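Observations on the three-dimensional arrangement
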Amino acid sequence: MIFFCEVNKTGLEHATINRQTLTLLARIFPDSTIYARVSEPHWKAISDKQHWGNVVPVFEPVVLAEKGNKWRWIVKLLTECKRSFLILRHAQRTKAAFIFFASNSPVGNLFISLMLRFLFRKCRVVITLHGELKLLRQGGGKTVDRLYSSLLRMAFAMRLRGRRYLVLEEYIRDRMVMHKLLPADSMMAIRHPLTYEGETRHHGIGPRIVFGHLGVAKLEKQSPLFFELAARFRSEIAAGRASFVVAGQLLEEMLPFRNAWVEYSDGDQFVAYDAYLDRCMEMQYAVFFYGSKEYELISSGAIMDAISFGTPIIALRNHYFTHLFAACEIPPGILCSDFDELCNVVDELIATSASNTQSDKNADSVRPLRADYFRMKAGMELLKRKFDLGQIEVDLATQLNEFLS
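This text gives an overview of the structure that appears in the document. (Residues numbered from 1 in each chain as written. Predicted model: local features only at pLDDT ≥ 70, side-chain atom pairs only at ≥ 80, totals over all residues. Heavy atoms only, no water.)

**What about the overall build of the chain?**
Along the chain, the regular secondary structure elements total 14 helices and 13 strands. In summary, the chain has a C-alpha radius of gyration of 22 Å against a globular reference of 22 Å for 405 residues, a match within 12%. The C-alpha extent of the chain, read off along each of the three principal axes, is 70 × 45 × 40 Å. By the burial criterion, 54% of the 405 residues in the chain qualify as buried. Long-range pairs, those at least 24 residues apart, make up 72% of the contacts in the chain with a sequence separation of at least 6. When the 51 basic and 44 acidic side-chain charges of the chain are each reduced to a single mean position, those positions are 8 Å apart. (Helix = DSSP H or I, 4+ residues; strand = E, 2+ residues; numbered from the N terminus. Rg over C-alpha atoms; globule rule 2.2 N^0.38 Å. Buried < 20%, exposed > 50% of the residue type's maximum accessible area, 1.4 Å probe, protein only. Contact = heavy atoms within 4.5 Å. Lys, Arg positive; Asp, Glu negative; His and termini not counted. Charge placed at Lys NZ, Arg CZ, Asp CG, Glu CD.)

**A short note on the sheet that holds strand β10 (residues 262-263)**
Strand order in the open sheet made by the six strands is β10-β9-β8-β11-β12-β13, with parallel pairing throughout. Lying at the two open borders of the sheet, with one neighbouring strand each, are β10 and β13 (333-336). Looking at chain direction, strand β9 (residues 242-246) and β10 are connected through two bridges and run parallel. Within the sheet, the bridge partner assigned to Phe244 lies in β10 and is Val262. (Pairing = 2+ DSSP bridges.)

**Looking at helix α9 (residues 273-282)**
Those residues of α9 that fall on the buried side of the exposure criterion are Tyr276, Leu277, Cys280 and Met281. Along α9, the residues classed as buried sweep out an arc of 130 degrees about the axis, all on the same side. Against the buried residues of α9 lie α10 (301-309). (Arc of directions from axis to C-beta.)

**Section: the pattern of salt bridges**
All chains considered together, the criterion is met by 10 salt bridges. Glu60 is the salt-bridge partner of Arg37, the closest N and O atoms lying 2.7 Å from each other. Placement of Arg37 in strand β2 (residues 34-38) and of Glu60 in the loop between β3 (55-59) and α3 (70-94) is noted, with a sequence separation of 23 residues between them. Residue Arg37 shares its accessibility class with Glu60, and that shared class is buried. Of the charged contacts in the structure, one is a salt bridge between Asp185 and Arg159, with a shortest N-O distance of 3.2 Å. One end of the pair, Asp185, is in the loop between α6 (170-178) and β7 (187-189); the other, Arg159, is in the loop between α5 (143-157) and β6 (163-167), and 26 residues separate them in sequence. Of the residues examined, Arg159 reaches a relative accessible area of 56% and is grouped as exposed. Several salt bridges converge on common partners, so that one network encompasses Arg37, Glu60 and Arg83. (Salt bridge = Lys/Arg side-chain N within 4 Å of Asp/Glu carboxyl O.)

**What to know about the sheet that holds β3**
Spatial strand order, β3-β2-β1-β4-β5-β6-β7: seven strands in an open sheet with parallel pairing. Looking at which strands have only one partner, the edges of the open sheet turn out to be β3 and β7. Direction aside, neighbouring strands of the sheet carry axes that sit 25 degrees apart on average. Against the sheet, α3 touches β1 (2-6), β2, β4 (98-101) and β5 (125-128), its axis set at about 175 degrees to β1. (Axes fitted to C-alpha atoms, helices over the stretch in contact; angles between N-to-C directions.)

**Some details on unusual backbone geometry**
Phi angles above zero are rare outside glycine, and His14 is one such case at about 60 degrees. Since its relative accessible area comes to 26%, His14 is described here as partly exposed. Unusually for a residue other than glycine, Lys95 sits at a positive phi of about 55 degrees. Looking at the element boundaries, Lys95 is found in the loop between α3 and β4.

Rendered as structure tokens:
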């Protein structure tokens, strides 16, 4: 018996990664019943078109936070801790093999660690770490962020034999060890599973070249630069030679930066998956402005989207992108030192797209520039192979069996 638990997120939040992770666990333990203890809306989001013969849903109440509503946040955190306690107690009574927490708030993380230390010492627990890790590398910031950072450090400081943290990239584990946040033997690491494994449309280059912003647009991703980039190429957009598209939602904090040169969905809500998919499929290039500090310790679902769709990446150089590109014999895109260089690259891509890659038939006559689209596509295909789900399954199985032995 295994418990897969998501008592922190609901609905579409983390739906893709949780679907992939649950698939991995179902494959690794085909003879075990896996109880997916999640909210009913989240189960609907992760189970669509899935066929898990050994997974049984058990619906848990998960509170959806509301921005600016402090009382609702308190209720959400208390509910998360309560459900975590009940799950741990049930697991210990039924002698479950282990409990897999797909995510936790920093409050929930510390609470579970305390419960393992004082009450449920026989339980084996895996806790997946996500975006909360960025708080550990941020200086200053909001009071609540500093509090969360302190809670995470308190949880990490406890050496617990029955707990392992899972990070979604070996690179992140190495950086965690380097910064002395966690010892290597307290963590497991796998590559972030690709977010999409279906058929992808052929990305051709025609008269109009589409630059895309994948995922949610927000300040910490430096998303305002995408709008500034589009504004610089307003004449090319007006002439139909380029377009700039945000595939995901725009957070409210992005409202002051909107302009008429970027296409995006109205409303501060998650974009429907099919609509998001359609926009991603139209893109020739995925543009990223991530800084090194913000995305040093966390994996990005948007980057995984780009790799899944085979969309070449144009990005500001940071630690993670440098690591990612170094894994490929052919660069899967272009890394830039600063915003001005990225603008020059976009200018070159627009200027050369029509003559370089009007159709596959002209591929042999592509000019040997860094704007060689087909070469970048070949690099993306090589990169995509490194995220093979079968190999991720082997890596996770090896580390879980070592933990459970």
